[in-house]
Amino acid sequence: MGAIYLVRHGQASFGAADYDALSPRGFEQSTVVGAELLRRSVSFSQVRSGSLARQRDTAATALKVLGSDVPVVEDPRWNEYDHVDIARHHAGGAPQEDSRSYQGVLDAALTAWTSAGADGPCAETWPAFLARCRDALSDLVASLGKGEHAVVFTSGGVIATICGLLMGTPEAGLLKLNRVTVNGGITKLVSGRGGVTLLSFNEHPHFEADAASLLTYR
């Protein structure tokens, strides 16, 4: 069977003017992710990334360590939902001064976003987001040959939604799994005759022991 590794980007710049930029810790995490992929000795025939800076820079940093010469194909369908737009319309805003308060606002906003369905006021509705995540995965699977592997550098909401989709509950996936995804976590899917199956979610032993200080959720 072929495998698809979904990697959440390294830590972005929470609370800064440009959230999309990787923090110094985010670059460190990306280096560790590259070392972890190298340790697994997996040969990738496809490398995908969203078009956000934090996703692209995570990919570039990890692949440099991995020593991969497979070109990165950027696909905006792997981009994260717009948390600012969602919070503005569904929770009145999400101040980033305090991470715990922010999480509460975001959770409420995401719940309202999914409940609003196609009638929601956001530029991208929940059904539209779900459809592009599904399509991005389907197209990647279709492009893989027998036994080939791929790695995708994306975001927590995308990963959580895809995992929920594979388990038959995409809304629950987003709302329950998204909040526990770690920066640089690795989720593994396998693809075979029976379709795509979730094998593991949010693996992060590479951020334990001596690297425990690099474990972050935001």
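Quick caveat: nothing in here was measured; it's all calculated off a predicted structure. (Residues numbered from 1 in each chain as written. Predicted model: local features only at pLDDT ≥ 70, side-chain atom pairs only at ≥ 80, totals over all residues. Heavy atoms only, no water.)

Engineer: Could you clarify how one ought to interpret the layout of surface pockets in this entry?
Structural biologist: Where empty space is left becomes clear once a probe the size of a water molecule has been rolled over the atoms. Taken as a whole, the largest pocket holds about 290 Å³ of empty space. Along the wall of the largest pocket there are 18 residues; nearest its centre are R8, Q103, L106, Y217 and R218. Considering every element that reaches the lining of the largest pocket, the biggest residue donor is helix 4 (residues 99–116), with four residues. For the lining of the largest pocket, the class distribution of residues is five nonpolar, eight polar and five charged. When its volume is computed, the second largest pocket comes out at roughly 190 Å³. Around the second largest pocket sit M1, G2, V141, L144, G145, K146, G147, E148, S191, G192 and R193, which together line it. Each residue belonging to the lining of the second largest pocket can be placed in one class, and the counts come to three nonpolar, five polar and three charged. (1 Å grid on protein atoms, 1.4 Å probe; cavity = no way out; pocket = protein on both sides within 12 Å on 5 of 7 lines; lining within 4 Å. Points joined across faces, edges and corners; volume = space filled by probe spheres on them. Helix = DSSP H or I, 4+ residues; strand = E, 2+ residues; numbered from the N terminus. Nonpolar A, V, L, I, M, F, W, Y, C, P; charged D, E, K, R; others polar.)

Engineer: Explain the pairing of strand 6 (residues 195–203) here, please?
Structural biologist: Of the pairings in the sheet, the one linking strand 5 (residues 186–192) to strand 6 comprises six bridges and is antiparallel in character. Each bridged residue has a counterpart across the sheet, and for G192 the counterpart in strand 6 is G195. (Pairing = 2+ DSSP bridges.)

Engineer: I keep staring at the sheet that holds strand 4 (residues 149–154) and nothing clicks. Help me out?
Structural biologist: Adjacent strands of a sheet pair through backbone hydrogen bonds, lying either parallel or antiparallel. Spatial strand order, 3-2-4-1-5-6: six strands in an open sheet with mixed pairing. The open sheet has two free edges, formed respectively by strand 3 (72–74) and strand 6, since each of these has just one partner strand. The average undirected angle you get between the axes of adjacent strands in this sheet is 20°. Of the pairings in the sheet, the one linking strand 2 (residues 46–49) to strand 4 comprises four bridges and is parallel in character. In the sheet register, S49 faces strand 4, and the bridge partner there is F153. The strands touched by helix 5 (residues 126–143) are strand 1 (2–8), strand 2, strand 4, strand 5 and strand 6; relative to strand 2, the strand with the most contacts, the crossing angle is about 165°. With respect to the sheet, helix 6 (residues 156–166) is in contact with strand 1, strand 4, strand 5 and strand 6, its orientation differing from that of strand 6 by roughly 135°. (Axes fitted to C-alpha atoms, helices over the stretch in contact; angles between N-to-C directions. Contact = heavy atoms within 4.5 Å.)

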